[in-house]
Structures are given as structure tokens and as C-alpha cells.
Amino acid sequence: MTESTSSQEPKDPKSTSPGSFRVLLGMLAQHRGPLFAALILSLIASATGLAQPAIINLVIEKIGEEPVTSLIIVLTAVLIISSIADAFQIFVLTRTAEHAVLNTRRSLITRLLRLPISVYDTQRTGDLVTRLGSDTTLVRTAFTGGIVDMVGGIFTMVGAIVLMALIDPPLLLTVLAVLVTATIIVVAASSKIQKYTKQLQQSVGALGAGMDRALGAIRTIRSANAADRVDEELQVQAQQAFGRGRKIAIIEGALYPISGLALQLSFLIVLGFGGARVSAGVLSVGDLVAFVLYLFMLAMPLGLIFSAVNTIRSAMGAIDRIQEVMNIAAEDDLGRPARTAQSITFRDVDFSYPDNLTGILSSNPDATTDPSPAPHSELPSTEAAVQPAPVLTGVSLEIPAGKTTALVGPSGAGKSTVLSLIQRFYDPSRGTILLGDQDFADLSRSSVREQIGFVEQEAAILAGTVWQNLRLANPQVTDAQAWSALERVGLKERFSAAPGLDTVIGDRGVSLSGGQRQRLALARMLLMDSSILLLDEPTSAVDSRNEELILSAINTASRNRTLVVVAHRLSTVTDADQIIVLEEGRVAASGTHAELIKTSPLYKELANKQMLI
Ligand SMILES: Nc1ncnc2c1ncn2[C@@H]1O[C@H](COP(=O)(O)OP(=O)(O)OP(=O)(O)O)[C@@H](O)[C@H]1O
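1. A closer look at the overall build of the chain
Then, in step 1: On a plain count of helices and strands, the chain comes out with 17 helices and 12 strands.
Then, in step 2: The buried share among the 613 residues of the chain stands at 48%.
Then, in step 3: About 28,900 Å² of surface is accessible on the chain, with carbon and sulfur atoms providing 60% of the total.

Have a look at this one:
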């Protein structure tokens, strides 16, 4: 592997930030059919709305001179058509908005599950979940309360202006001067709304992340009587979100009287100036009434447009946050598929965790940056940031095919990191890792992982049934195979009562003990057809009876397979074919238990402490 394939991820050429407005336009383009239909309906509603004052004008002029029944019938028909068009428009828009939210959520789910592992190291899951939940919900408002309202409103306004110009141009110009000034103020203030919405959503994200962490550690919190303290901390975050919401409220509150004042002023001008023109005989009473009604038609959409601009700005704030995730290139799966092999070799491997990712998503609610600049479109390069501390230095090791290799050493020595590198969760900063004789750098990540079964230090159990957990890695598993795997890890009896494999295990597997969780994860691994098994402290959470069960399951599972096991308790690995001792990210020694007792002072010390010698 070359030095260039460091822990930075490849840049996705498509991942440049297009800006939230362009993204919004892209979303709208995806739904152009229904939006076009909504637009037509909105135009029908506007046109029928605009026709009403003209008909009323006619009625006023003709009343007393000739029958107006037919005009009244036309007016009623126009009213009905206008209402029906409105109703359909709302339905089409709301449905389209739900589609837009669905599409956004789908892409987010796909991306959130495929980000480079290093992103999860630094990003709070609660914040990522908020982006999927409340941020996507804000997108809906851009459709329902935004775009079409605005377009339909503009159409009505233009129509009203043209018709008013036909009636009395000087009166119109006076009214427009007032309204244009108000519009300029509203549009300028709305950019603040976008900024504050993004900050508000960041606060909500931080609150979600805090609550997520607290609920994950609820037993510790309650046992430490720390609920009040955690409560206080979360209340502070909730208060912060409130503060941001209040800023939006202040702007919206200030804008409301501005638009209201502008409208009142316009009406006063029309009544005063228009009334004078009626007495001067320049304008008929019917014309003045029609002019006032058109002013209504101009004013109503203007109010809608003002609020639509704010709604769209809010949605754009949320879209910014969604785009931040979408702009992170998904973990690459480049390279050719790996051929099956069972040995792994590290040659002079250096590795550091990328620790400069904290700013990749603006989840920090204190961030007050303007949302308009492009969010980070790639993981920052390791060179650009402060050089992170090395976790592995010059590690060379051979993990032979079909044998058991144990990794031991003090806490923080880098044992779990070696397992992460074997799974290609990260790439080394220097050196080469080989699967058989194939360089990892040439292989696709998924094909390497296909050959590997892994049980984490804190065995991950998904909420759902035993069955769902067992089939996670291998959906082809049969009932008989599942029971046999459960038997091998000593869990058959635990689930023998109905509903058997359909037994639901709670969120985070809470209805199972630590040892049972570990064993269920082990059973899942046994069902995978992997030729290399990685176990991170498989017996860390269990008593000696469970330990025996697990060790015997591991023994059966590892027949003809390569086993790499990280162990604190040396007693569990004294029989390993090879034991590698890691110390501060370097290989301190390797050999069998008997050899290491003689050759490695560190191993001897560890064995001594554990009363093995
Ligand atoms: N995701 C991460 N991001 C940054 N640093 C990490 C990360 N994971 C581990 N480290 C650091 O890397 C070093 C090695 O950690 P590692 O988990 O590999 O040690 P270990 O030998 O498995 O320890 P233990 O026996 O306590 O599990 C430690 O200093 C640890 O703090």
C-alpha cells in the first residue's frame, strides 16, 4: 500500500455543495408533474378569483338598468370553480410534499448507513437521527407552504396589477411604492430566518444527541442518582433551542406589522386618493370598488408570499443540514473482489485515527457560521490538520491460515485497532496489509468483509427477534442451522419456549444478560460462512461457566478457520498457536505462551498479574 492511501477518504467528485437553493430546485424538479398540476390549479384559482371583481363591477353598473341574474349565476359558478381548484391544489401539494420528504429520508437513510466509519467516531448519533427526522420534515413546508403559494400568488398579483393599471395607473403607482418598500424589507429579513433555522435545528440535533446518550446510559445515570444533573444539562440545551426559536419569532413578529402596516396604508391611499378622484369625476364608483377588490387580491397573496419566503428560508436552513450529510462521500467500495484467503499479513503498518473530523458536520449548536458557504464536501485531509497521535507504529505481523492468533497487551495498546484495520474500517497511513498474497489496497472493502466474521467487544444486538439477529449476516440461514448455532453457544434452552426464534429481544438487547448477548453475537458469527473470525474480548462480560461455553463454541467454530482473538484474560488464550504482544502501538513480542513466558518481560508480567505463573 502506498502512503497516499491514508485514512482520508477518496473525494467524491459529485460531492461539491450545490447550495441549498439549488438543492431545493433539484427536489422540485423531481416532482415537476404534480407541481405543474398544482400550478395549473393555482392559476385556475387565481384567474377565477381575478374574474370576481370584474363581474361585481358589471353587476354594480348594470343593477337597476337591466337584469343581473345571469351575472350572479356566472359569479357563483366562478366562486365554486375557484374553491374546487383550491381544494385540489392543496391535496396535490401535500401529497407531493410527503413524497419529497420520503425521497429525502430514503437518500439520508442510505447515506447514514454507509458513511466512512471515522464519521461515526466523531458524530453524535442523536444529531444524525435529527437530520433524518425533523430536518426532513421542514422540507415538507417548502412544498406545502412555499413554492406554489408563491407562484400562484405572483400570478394573482400580476393579474391584479394589470387590471388595476387598466382602471387607474396613478392610483396604482402610489400603492405599489408602499408595497414594494415593504417587500424589500421582508426579503432582506428572511435571510436571517434561514440562518437562525439552521442554528435552531443544530440545537435540536444536540438535544437529540444528548437525550440519546442519556437514555443509552440510563441505568448508570439512575444508579448514580445523576438524573437531576443530566436533566439540568438537557434542559439547558432545550433552553438554547428555545432561544434560537425565539430569534425566529422576533423576526417573524417584526415582519408581520410591517406587512400589515403597508397594506393598511395602501387601503387608506386608495380610499382617500381614489375617493377624491371619484368626486373629481376621473373614476366611477364601480371602478373604485373593483380597484379596492383588486387591492385585496394583491394584498392577500402578498401576505402569503411574505410567509412563503420565510417558510422556504426555514426549509433551506434544514436542507443545509441534510446536505452536510449527503455531501460526505459514502465509504468507497473500489477495487477488485478479493479471492478467498485465510492468512493476513501486516507489513510495517503505521496508523492514526483521523481526529480532525469534529467540524465535518455543523452539529455544534454554538456554531454561528453563515449557512451559505459550502459545507465540507470531503473528509479533511490528514495533512491539513494537526497530525494525530500514532496508534500503531511499524506493526508487522503474520496471522497464519487456519490457526488461532491471540492479541494481548495493556489497555490502549492498539489491539482493537488491529481488528478494525483487518476489516478495512480504516486504511493504514503507511505500510501494507495483505489478505493471502493480495494487497488490501487493491481489494474492495465489501469483498474483504465477506470473508470475515466479527464479534465486537460490546456485542451488538439489534432490536427485533432472535431470528432477525441471527440472519443479519446471512439471510439464507435455515431454522435447523440457527438452532444448531444457538446450541453451540449454549443458548438453545434460553429460547426453547415459544415463540422460539421469534422471541423479541428489546432495544439494545436489554432482556439478555451480557454473557447471553455475547453468545448470541457469537452464534451469529458461527452462521456466517467466513473463513476468518475476529473476536474482540469474547469473554469480557461473562462468568467462568459462560466463559467455558464460549471458549468451546469458539473452538468448534475455529476449526479450519483463521481465528484472531483479542484477550485481556490470558487464561483464555494460552493454547493459541500464536500470541502477539502489543505495547503502545508496537509489536513487543510474539510466540506461544511457553515461549513468551521466557522471552517477553511484558507478557511475563501480565501472566504474573493474572496468576498464570
Ligand atoms: N475511534 C477512535 N478514534 C480515536 N482514537 C481511538 C479510537 N479508537 C481507539 N482510539 C485510541 O487508540 C488507541 C488504541 O485503542 P484500542 O481500542 O485499539 O486499544 P486496545 O488495545 O484494544 O485497548 P483495550 O484493551 O482497552 O480495549 C487508544 O489510545 C485509544 O484511545
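2. Re the nonpolar core
Then, in step 1: In terms of nonpolar packing, the biggest core is built from 45 residues, with Val466, Leu470, Leu486, Leu520, Leu522, Leu535 and Tyr603 touching the most fellow members.
Then, in step 2: The leading source of residues in this core is helix H14 (residues 514-527), at 7 residues.
Then, in step 3: If we ignore the near neighbours within four places in the chain, the residues touching leucine 486 are Val466, Leu470, Leu491, Lys492, Phe495, Leu501, Leu520 and Ala523.
Then, in step 4: In this structure, Met157, Ile193, Leu263 and Phe306 belong to the second largest nonpolar core, which totals 39 residues.

3. Concerning a negative patch on the surface
Then, in step 1: Among the surface-exposed residues, Asp228, Asp231, Glu232 and Glu233 lie close enough to one another that they form a single negatively charged patch.
Then, in step 2: As for its placement among the helices and strands, aspartate 231 is situated in helix H8 (residues 227-279).

4. Re the pattern of salt bridges
Then, in step 1: Tallying each qualifying case throughout the model produces 13 salt bridges.
Then, in step 2: Between aspartate 332 and arginine 445 there is a salt bridge whose closest N-O contact spans 2.9 Å. With aspartate 332 in the loop between helix H9 (285-326) and strand E1 (344-351) and arginine 445 in helix H11 (residues 445-450), the pair connects residues that are 113 residues apart, well separated along the chain.
Then, in step 3: The class for aspartate 332 is buried, based on a relative accessible area of 15%.
Then, in step 4: Residue arginine 445 is classed as buried on the basis of its relative accessible area of 2%.

5. Overview of the site of the ligand
Then, in step 1: Close to the ligand lie 15 residues, the nearest being Ser411, Gly412, Lys415, Ser416 and Thr417.
Then, in step 2: Between a nitrogen atom of the ligand and a side-chain N or O atom of tyrosine 353, the distance comes to 3.5 Å.
Then, in step 3: Histidine 568 has a polar side-chain atom sitting 2.9 Å from an oxygen atom of the ligand.
Then, in step 4: At 3 residues, the largest contribution of residues to the shell around the ligand is made by helix H10 (residues 415-422).
Then, in step 5: Classifying every residue of the shell around the ligand by side-chain character gives 5 nonpolar, 7 polar and 3 charged.

6. Points about the pairing of strand E9 (residues 532-536)
Then, in step 1: Along E9, 5 of the 5 residues are buried, which leaves the element largely enclosed by surrounding structure.
Then, in step 2: Along E9, one buried face is formed by Ile532, Leu534 and Asp536 and the opposite face, lined by Leu533 and Leu535, is buried too.
Then, in step 3: Two strands pair when backbone bridges link them, and strand E6 (residues 452-455) and E9 are joined in this way by 4 bridges, in the parallel orientation. Looking across to E9, one finds that isoleucine 452 is bridged to isoleucine 532.

7. Looking at the sheet that holds strand E10 (residues 562-566)
Then, in step 1: Pairing is mixed in the open sheet, where 6 strands are placed in the order E6-E9-E10-E3-E11-E12. Both outer strands of the open sheet, E6 and strand E12 (586-591), are each paired with one neighbouring strand and no more. The average angle at which neighbouring strand axes cross in this sheet is 15°, direction not considered.
Then, in step 2: Where strand E3 (residues 404-408) and E10 come together, 4 bridges link them in parallel fashion.

8. With respect to the side chain of arginine 524
Then, in step 1: Mapped onto the elements, arginine 524 comes out in helix H14.
Then, in step 2: Although arginine 524 is buried, it forms no salt bridge, and the closest oppositely charged side chain is glutamate 456 at an N-O distance of 6.3 Å.
Then, in step 3: Of note is the side chain of arginine 524, whose polar atom sits 3.3 Å from the side chain of asparagine 469.

9. Comments concerning the packing of aromatic side chains
Then, in step 1: All chains considered together, the criterion is met by 4 aromatic pairs.
Then, in step 2: When the centroid spacing of 4.9 Å and the interplanar angle of 55° are considered together, the rings of phenylalanine 267 and phenylalanine 296 count as tilted. Residue phenylalanine 267 is located in helix H8, and its partner phenylalanine 296 is located in helix H9; the two are separated by 29 residues in the primary sequence.
Then, in step 3: Relative to tyrosine 426, the ring of phenylalanine 351 has its centre 5.4 Å away and its plane inclined at 50°; by these criteria the two rings are tilted.

10. What to know about the sheet that holds E1
Then, in step 1: Here 4 strands make up an open sheet; going across it, the order is E2-E1-E4-E5 and the pairing antiparallel. Each end of this open sheet is capped by a strand with a single partner; those strands are strand E2 (392-399) and strand E5 (438-439).
Then, in step 2: Direction of pairing for strand E4 (residues 430-435) relative to E5: antiparallel, over a ladder of 2 bridges. The partner of leucine 434 across the bridge, within E5, is aspartate 439.
Then, in step 3: Across the sheet, H10 touches E1, E2 and E4, and the angle it forms with E1 is around 115°.

Parameters at a glance
- Residues numbered from 1 in each chain as written.
- Predicted model: local features only at pLDDT ≥ 70, side-chain atom pairs only at ≥ 80, totals over all residues.
- Heavy atoms only, no water.
- Helix = DSSP H or I, 4+ residues; strand = E, 2+ residues; numbered from the N terminus.
- Buried < 20%, exposed > 50% of the residue type's maximum accessible area, 1.4 Å probe, protein only.
- Areas by Shrake-Rupley, 256 points an atom, 1.4 Å probe, with all protein chains shown as cover.
- Core = buried A, V, L, I, M, F, W, Y, C linked by side-chain atoms within 4.5 Å.
- Contact = heavy atoms within 4.5 Å.
- Patch = residues over 30% accessible without salt bridge, like charges linked within 9 Å, V, L, I, M, F, W, Y side chains within 5 Å.
- Salt bridge = Lys/Arg side-chain N within 4 Å of Asp/Glu carboxyl O.
- Lys, Arg positive; Asp, Glu negative; His and termini not counted.
- Charge placed at Lys NZ, Arg CZ, Asp CG, Glu CD.
- Near = heavy atom within 4 Å.
- Polar contact = N/O pair within 3.5 Å; in protein donor to acceptor, adjacent residues only side chain to side chain.
- Nonpolar A, V, L, I, M, F, W, Y, C, P; charged D, E, K, R; others polar.
- Pairing = 2+ DSSP bridges.
- Axes fitted to C-alpha atoms, helices over the stretch in contact; angles between N-to-C directions.
- Phe/Tyr/Trp six-rings, centres within 6.5 Å; stacked < 30°, edge-to-face > 60°.

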